[in-house]
Structure formats: C-alpha cells, structure tokens
Amino acid sequence: REAVMNKRIIFVVLIVLASIIGINAIPAEKFSETSIQKIRITPEDLPEGFVYGQIPEFAKKTLLANPWEMDRNAINKLTKNLYPEGDSSAVKNMHVSIMTKKERPFGYDLVCYIIIYKDMSAAKKEMEKLSTYNKFNSDRTILLAHGNMAVFLIAQDINNYKYIDEIKGKIEERINSL
C-alpha cells in the first residue's frame, strides 16, 4: 500500500513539474504595440539622401500617414498583398515606414513593416509564409523574426539592399535592448 501511495505521489509531482516546465517552455507574446514605438525607424535612421515618402492621393484612403501605425482597414487591405496568403486576422498591429529618395517624394524605394501578431500560434503560421516569401526575394528583402513580431524590410531596387541592411542593424539593436 505504501509503495502504491508513493508511486501516486511521485506521479502527481511529475505531472505538476511537467506542466510548470511545459508552460514556461512556450514563448510568451513578448512584443506589443508599445514595442513598435521603441524600435521603429526614426528620421535619424533614414539613409543619406532619403526622406519619408509622401502618400499619393489615390492611396490616402488606405494609408493615412507615413510613417504610420495602421488602422484595421489598412491592415486588412495590405496584409494579403504584403506576402502570399497573408492573413490579416492574425495581425494585432502593423506599422509602416516608406522611404524614398529626396528627388522622388512619392516613391517607395525602401519600406519597413513591423508586424505584431495576435499570439504565438498566429505568428508561427504567418512567419512561415513570410519566411518563404523572403527566401525567394532575398536580394531585396530582409526578415527579422522575434517571438510574435516580424520586421520586414523591402528594397524595390536590389542596388538599395545595403540601406535596408543598415536599417536592420539599427532595429536589431533596439529589439535586443527591450
């Protein structure tokens, strides 16, 4: 009887420990809307000769400002166009910074998206899609994946890749300091 009782106690202790370890092994949603403001591109980060782009009249119904923390309407419209099979319902928040050369104020030479996914499950599914897209466009895109956040940098011209690589370094420093 005592041996059976000891086995039950050990079994219960193991279950409790496994659940504690299991819960702690699941990554938490580390990033939130406030993280965006701490890591986003600042005017000082703009590469020499670049400015924030102006939003053309036809796009002002979707993109209300630049840089901009998007509203739900913009997230719904842009997610599916950002990467194949992008699911806007998985996105909690998104920020965009559009940069262009000074001489072309309505251009979009460099673009930075910061995406906060609703939870880790959504982040995992969407990051797989985004990662695949990034691999096929690695000469002009960079993906930083951290927990439930993705930072996606795009250079429209491969000759501008060096600029998004520089921006990546600055953003990584900020992420690591959070």
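See the structure shown above.
What counts and how
- Residues numbered from 1 in each chain as written.
- Predicted model: local features only at pLDDT ≥ 70, side-chain atom pairs only at ≥ 80, totals over all residues.
- Heavy atoms only, no water.
- Phe/Tyr/Trp six-rings, centres within 6.5 Å; stacked < 30°, edge-to-face > 60°.
- Helix = DSSP H or I, 4+ residues; strand = E, 2+ residues; numbered from the N terminus.
- Buried < 20%, exposed > 50% of the residue type's maximum accessible area, 1.4 Å probe, protein only.
- Arc of directions from axis to C-beta.
- Contact = heavy atoms within 4.5 Å.
- Pairing = 2+ DSSP bridges.
- Expected span 1.5 Å × (residues − 1).
- 1 Å grid on protein atoms, 1.4 Å probe; cavity = no way out; pocket = protein on both sides within 12 Å on 5 of 7 lines; lining within 4 Å.
- Points joined across faces, edges and corners; volume = space filled by probe spheres on them.

Novice: With reference to specific residues and values, describe the packing of aromatic side chains.
Specialist: Following the criterion strictly, the structure yields 2 aromatic pairs and no others. Where Tyr-133 meets Phe-152, the ring centres are 6.0 Å apart and the plane angle is 55°; that geometry is what we call tilted. Of the two residues, Tyr-133 is situated in helix H4 (residues 120–136) and Phe-152 in strand E6 (residues 149–155); the sequence distance between them amounts to 19 residues. Residue classification places Tyr-133 among the partly exposed residues on the basis of a relative accessible area of 22%. Relative accessible area serves as the criterion here: at 0%, Phe-152 is assigned to the buried category.

Novice: Pulling in residues and values, what's your account of helix H3 (residues 72–82)?
Specialist: When H3 is considered as a whole, its buried residues turn out to be Ala-74, Ile-75, Leu-78, Thr-79 and Leu-82. Within H3, the buried residues cover an arc of 115° as seen down the axis, which keeps them to one side. Exposed side of H3, more than 90 degrees from the buried face: Lys-80 and Asn-81 are the residues found there. On its buried side, H3 packs onto strand E2 (68–69), strand E3 (91–101), strand E4 (110–117), H4 and E6.

Novice: Which residues make up the pairing of E4, and what values go with them?
Specialist: Within E4, 8 of the 8 residues are buried, leaving the element largely enclosed by the surrounding structure. As paired strands, E3 and E4 are joined by 8 bridges and run antiparallel to one another. Within E4, the position partnered with Ile-98 by the bridge is Val-111. The sheet contact formed by E4 and E6 spans 7 bridges and is antiparallel.

Novice: Quick one: what's the story with helix H5 (residues 161–177), residue by residue and with numbers?
Specialist: A rise of 1.5 Å per residue sets the reference length of H5, with its 17 residues, at 24 Å; its end C-alpha atoms lie 25 Å apart and thus fit the reference within 8%. Turning to H5, its buried residues number three or more, namely Tyr-163, Ile-164, Ile-167, Ile-171, Arg-174 and Ile-175. Buried residues of H5 fall within an arc of 105° about the axis and therefore sit on the same side. Along H5, exposed side chains directed more than 90 degrees from the buried face belong to Glu-173, Asn-176 and Ser-177.

Novice: Residue-level account of the layout of surface pockets, with values.
Specialist: Within this model, the largest pocket holds a volume of roughly 460 Å³. Together, 23 residues line the largest pocket, and Leu-63, Ile-98, Tyr-108, Val-111 and Tyr-113 are the ones closest to its centre. Secondary structure elements with two or more residues in the lining of the largest pocket: H3, E3 and E4. Here the lining of the largest pocket takes 3 residues from H3, the largest share from any one element.

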